[in-house]
Structures are given as structure tokens and as C-alpha cells.
Amino acid sequence: MILRIDNLVKHYGPVRAVDGLSLEIGQGEVLGLVGESGSGKSTVGKCVLRLTEPTSGSIELNGTDITHLSRRAMRPLRRDVHMVFQDPFSSLNPRFSIEQIVGEPLLRHKVCDRRETAGRVAAMLEKVGLRQEMRKRYPHELSGGQRQRVGLARALILEPKLVVADEPVSALDVSVQASVLNLITDLQRDMGFSCLFITHDLSVVEFLADRIAVMYLGRIVESGPTAEIFAQPRHPYTQALLSAAPVADPVRQRERRRIVLGGDVPSPVDPPAGCRFHTRCPLAYDECRSTEPALTDPRGAGHPAACHLVTADRVPDAAAPL
Amino acid sequence: MTEVMRRTRLWRRFRRRPMPMAGLVLVIAFVLLALAGPLVTGDPAAQDYMATLAPPSGAHPMGTDDLGRDALARIAHGAQVSLQAGVLSTLLAMAIGIPIGLVAGFYRRWLDPIVMRLVDVTLAFPFLVFAVGLAAIIGPSLKGVVLALGFAQLPAVIRITRGEVLAVREMDYVAAAIADGAGDGHIIFRYVLPNCASPLIVQATVAIPAAIIGESTLSFLGLGVQPPTPSWGVMLTTAQQYLSDAPWLAIWPGLMIALATLGFNLLGDGLRDVLDPRSAR
């Protein structure tokens, strides 16, 4: 296991951003962490990078418990994990040239001298599809897609074992999204890094992720192999999310039953009692309002969901309320 | 290369505005007067008893004072004192205030509350009382003026730096630097400080004219530069006694103080508009 998160909790004051989350990512595996805004998915990424201090639980990176490591002790381990940020406009230091930005990890970890750094930066820029004349440019001279490629180059130059990608394409135009996604896919196949891919858009991870974990209000409600999540979503929330994503086939699109969830995500300051999803779930019944369902994997298929109906070995269908 | 391009772009945006350009011209004129003026105007202490309180003439373009000293020479030398007081006190405040603000903002959890309360205390302290006290201890002099003015500016510099640091440290590129494995010192000096520079440059253009007025005030009160060294404040003190006989003696230094201050303020406004996109309308 490259990453093992166990019962992670992160509270910002009264806000329970992450409230007991466990997940694992294996060697070379891509896990898509999916959730609405406010579900706490970005906080998970920040905790893994130790950009924020977890409240409790444990995070194991490549076999080392990093949950409460000091900044100094954490530094050598940062060679193995880096991050791609969501906002391509605030994630690059405006005072650094592209060459400086991409070379920083090499210099900070004293991997090689300045001359070799320049060579490696040039090679990395080529890998992410940026022309060599970009080296001397500054971030404000680049487009959003180009900046995101720079961010990718910076994250990958140390050949980390794990990359946390926090909504790396959601700030980009749709046409640019596709090319950056393809680039990430190619680089992942080529370099073999594991990836925690955080997104609010299921369709983004459909072809990239090996497994998907769906988050709702700080917890995982369902996880499983990508194909299975798409073919047979178990949790009513996952079903609703999938029904919201358009399908590129007019015939199938017309046949689909759209599940429209009422209301907003409840406040993470005061999550609902019982199942956190019961306030919006079309299938909710008495038990959902009182007891919280545990993640259960009925037939041991590696596809657990946190729903009382799943626990009772029934098949929830949010499109057909009881 | 690209940095140069960026600079020229800023310059082009700056040049289009008439008021900041007027400010720039005034500031350049003031600096020239301070640097080159004393070289061409002659001795500001030379007394001519045949022409005391003389009105402006060919020999004395700005007239003479009660001791027959050339007002133009004294204005030029006074500009030097004003420039020194303005620039040195601002540099002093920046040299001390920026590191304090950086550290306070960056380590906001445990250092910031302490530093900010100390700043509040400093702000509550009347500037003139402090200047009088300082003059009493080290004697009235330009050194005392610079120290007093520098100290007076310190809270503003600390606050501005800290405020910027608090904003900049939340940027993703600082998080990325941590992920890169950068240490605190590297992050503070290569990431945070350069991105806090713009408002500090603007602050300097506001602080320098304030310090010029401050120097004149202190010297006018006799707490600053001492006669016979010419300073615009000292000249005003003298001129006050002869206001009805030789009004030009008061007009020149007054006008110079007003113009120098105006120049820096206009320049500062222009710089703020160009450097800080948040104030763009």
C-alpha cells in the first residue's frame, strides 16, 4: 500500500470537514475521490500532504505513519508525494520563471546541482507537452492549461510514488480539460505513480481511475472498481450523482431516469443524525433517521456501500422510491 | 527578458496617467535639487550684512534672510536634509518593520498576537512626546529626527507587511512550496516577501512625504536640525518673525514642503493603481 488512511478526522473549529474516513491506494493505483463541494474531499488531500494538521486518525505513506510528523521530519518524505492544485492561477509563484517553479523540488531536496536541474526541467517540460521556450516565461504569460501542465511537471519531477490531484481540471475549459486529462493518463501509465484524484465530476475519473470512492459530508458512502460503480451504483447518492452526468448517447440519455435530489448538502457543522444522506434520500425510512449505516460489502465483492438497504441485502434504487 | 517586458508594460500603464506623471516629475525635481542644488548654489551660511531681508533679486533669486543668507542656497541644502530625513527614516522603518511583519504574519499562531498588541501600544503613543523625549536624550539633531520618524512609521510598516503575509501565505503556491520540501526561511524570503512588495513600495511613497513634514515640524519646534544647518523647518521658524517684512522667507520653504509632499503622494497613488490590481476601478 502506498497510502493508507484510517479513520481520518479533520475538524476546522465546529466544521467537521472530514469525519472518520478510511481509504487505501495500492502501488500504481488511481483512486478517484468524488464528492460535492463541501464534502471534505480537498481536506483529505491536504491532510495527506500534511498541509493541514489532522485532528485524529492515521495516515500512512508508503509504510510510514505521517499523521503527526513534524515539518522537519516530514521533509524527506515529501520526495514521494506531491500535489497538483485546482487553481492554476494561484498555484504558481508569480515571481518565479517556469524553469524555477519546476526545478524547485529538485533544489529543495538537493537531488542534483543547478546544471543537471536545468536538464531535468527541460526533459520534464517536454513530457508535459510544453515547448522549451516556456522555460524563461512567467506564470502570468501562460494560459490556464499551460499553467496546469507546469503544475503537473512540478509535481512529477521527483518521480513521486503518490500524486494527489485536487480537481486538476475543474478550473479549465472543457476542451483543455480533455487534453490535460489525457496527459495525466499517459503520464500515469508511463511513470506508474499512484494517484489520489479528487473531483466533483464523476465523468472526469471514469477513464482514469481504477477505483472510485464517493464522499458525502466527510465520509465515504460507497467505493469500488470504477466499472462497477458506473454499472451498478449501490448507494442512492452515487445513483443520483451518476444520473446527473450526461451520457454521450442520445438514445440512452433519453431512456435514463433522472434522480433529482432535493435541498442542499446539510451543514458539516451539524451533520444529520442517523444516515447523513437521509435528509435528501428518496428511499429514506425510519431506520435511516436514527442509526448510521456502516460501510458494508454484502457479497465480499470489494464494493462496499454505507446504506441500510445494502446492509439488509436489498438493492437500493433511488429512481424508484418505495 | 520577460521581467523587462513586464516592467515596460507597467510603465506604459503608469505613463498614461497625468497625475502620477506630474508626481514623478516633482519627485525627480526634488531629488535633483537635493543632490545637485547644493553644488551650484554656494554657501548657505555665508552672511551678507549689506543685504539682510532682501527681496528676490538677480543676486539672490529667492531673497535673503535676517542674517543676509541666500534663501535659494538654504532651500537647496534644506532639500538635502528633507530627503535624508524622509528616505532614511523610511528605510529604517522598513528595515526593522518588514522582518517583524513577515515573522508575525507567517507564525501567526504564537507570535502574531504578541507583536500586534505591541504595535497597538506603539500606535497609542503620541509621536511628538516620543520625539521630545528622544531629543532630550540624544540631543536635537538629524539623527534624532530620523530615529523618531522611523519609529513613528514602524507600526504602519509592520501592519501592512503582516496583512500581506496573511493573504499571501494562503495562496496555493505557498502550499506547493511546502510540498516541494522548502523550509520556512526559503518560503518567507523567496515566496512570501516578493509577493508582498507592491503595497510596501506604495507605503514608502506615502511615508516619505509624511517624514518630510515630520522633519520640518520637529525642526520648526527646535527639536530637529539645529541652526545654522538649513532645513525647511528651521527656515520657517526664522521666517515667522519677519512674516510682514519678508513674506517670501516663509513662502519658499512652505511651497517646497507642499510640492515635495504632493509629488510623493501623487506618485504613490499612481504606483498603487499600477501595482495593486485590487484597487483598480
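Each chain has its residues counted from 1, running along the sequence as written. Whichever chain is written first becomes A and whichever ligand is written first becomes 1, with later ones labelled in order. With the structure being a predicted model, the display of local features is reserved for residues of pLDDT at least 70 and the display and counting of side-chain atom pairs for 80 or more, all residues being used for whole-chain, interface and lining totals.

Defined as follows: UniProt positions are given in the numbering used here, feature names are shortened, and annotations may be inferred rather than shown by experiment.
In the annotation of an unreviewed UniProt entry, chain B is listed under the name Peptide/nickel transport system permease protein and assigned to Nonomuraea fuscirosea. In its Sequence similarities (unreviewed entry) section, the UniProt entry covering chain B states "Belongs to the binding-protein-dependent transport system permease family." Quoted verbatim from the Subcellular location (unreviewed entry) field of the UniProt record, the comment on chain B reads "Cell membrane".

Its UniProt record gives chain A the following Sequence similarities (unreviewed entry) comment, quoted word for word: "Belongs to the ABC transporter superfamily."

1. Comments concerning the overall build of chain B
Threshold: A helix here means a DSSP run of H or I that spans at least four residues, while a strand means a run of E at least two residues long, and both kinds are numbered starting from the N terminus. Buried, partly exposed and exposed are defined by the number of other C-beta atoms within 10 Å of a residue's own C-beta, namely 20 or more, between the two limits, and 12 or fewer respectively, with C-beta atoms placed from the backbone. Each residue gets a C-beta atom placed from its backbone, and two residues are in contact if those atoms lie within 7 Å.
Per the secondary structure count, chain B includes ten helices and zero strands. Reading chain B from its N terminus to its C terminus gives the helix and strand order α-α-α-α-α-α-α-α-α-α. Summarising its shape, the C-alpha atoms of chain B cover approximately 75 × 45 × 30 Å along the three principal directions. Within chain B, the proportion of its 281 residues that are buried is 43%. For chain B, restricting intrachain contacts to residue pairs at least 6 apart in sequence, the fraction spanning at least 24 positions comes to 70%.

2. Looking at the environment of G13 of chain A
Here G13 of chain A lies in the loop between β1 (3-12) and β2 (15-25). Residues G13 of chain A and V269 of chain A, 256 residues apart in the sequence, show an inter-C-alpha distance of 8.8 Å.

3. Overview of helix α3 (residues 98-108) of chain A
Counted residue by residue, α3 of chain A has eight buried out of eleven residues, so it is predominantly covered. The secondary structure elements touched by the buried residues of α3 of chain A are β6 (81-84), α4 (114-127) and α5 (144-156) of chain A together with α7 (172-180) of chain B. In the stretch just after α3 of chain A, K110 of chain A is the one whose phi turns positive, near 50 degrees.

4. Considering the nonpolar core
Heads up, the rule is: Under the definition applied here, buried Ala, Val, Leu, Ile, Met, Phe, Trp, Tyr and Cys residues are grouped into a nonpolar core through C-beta atoms within 7 Å.
In terms of nonpolar packing, the biggest core is built from 156 residues, with L162, L196, F197 and V214 of chain A touching the most fellow members. A per-element tally of this core places helix α3 (residues 71-106) of chain B first, with 15 residues.

5. Description of the sheet that holds strand β5 (residues 64-65) of chain A
Residue and element names in this part refer to chain A. Here is the rule: A pair of strands is considered paired only if DSSP assigns at least 2 bridges between the two.
Taken in spatial order, the four strands make up an open sheet running β2-β1-β4-β5, and their pairing is antiparallel. In this open sheet, the two edge strands, each paired with only one partner strand, are β2 and β5. Note that β1 and strand β4 (residues 56-61) share five bridges and pair antiparallel. Directly across from I5, in β4, lies its bridge partner I59.

6. Observations regarding the packing of helix α5 (residues 127-138) of chain B against helix α6 (residues 142-168) of chain B
Residues and elements named next belong to chain B. As a reminder, the rule being used: All axes here are fitted lines through C-alpha atoms, helices being fitted over the stretch that makes contact, and every angle between N-to-C directions spans 0 to 180 degrees. Take the far helix as your reference; a near helix turned counterclockwise from it by less than a right angle gives a left-handed crossing, and one turned clockwise gives a right-handed crossing. Three classes are used, and their members are as follows: Ala, Val, Leu, Ile, Met, Phe, Trp, Tyr, Cys and Pro are nonpolar, Asp, Glu, Lys and Arg are charged, and the others, Gly among them, are polar.
Relative to each other, α5 and α6 sit at 150 degrees, their axes nearing to 9 Å. The way α5 lies across α6 gives a crossing that is right-handed. Contacts between α5 and α6 involve F127, F130, A131, L134, A135 and I138 on the former and, on the latter, K143, G144, L147, A148, F151 and A152. Along the lines of polarity and charge, the residues of the contact of α5 with α6 split into ten nonpolar, one polar and one charged.

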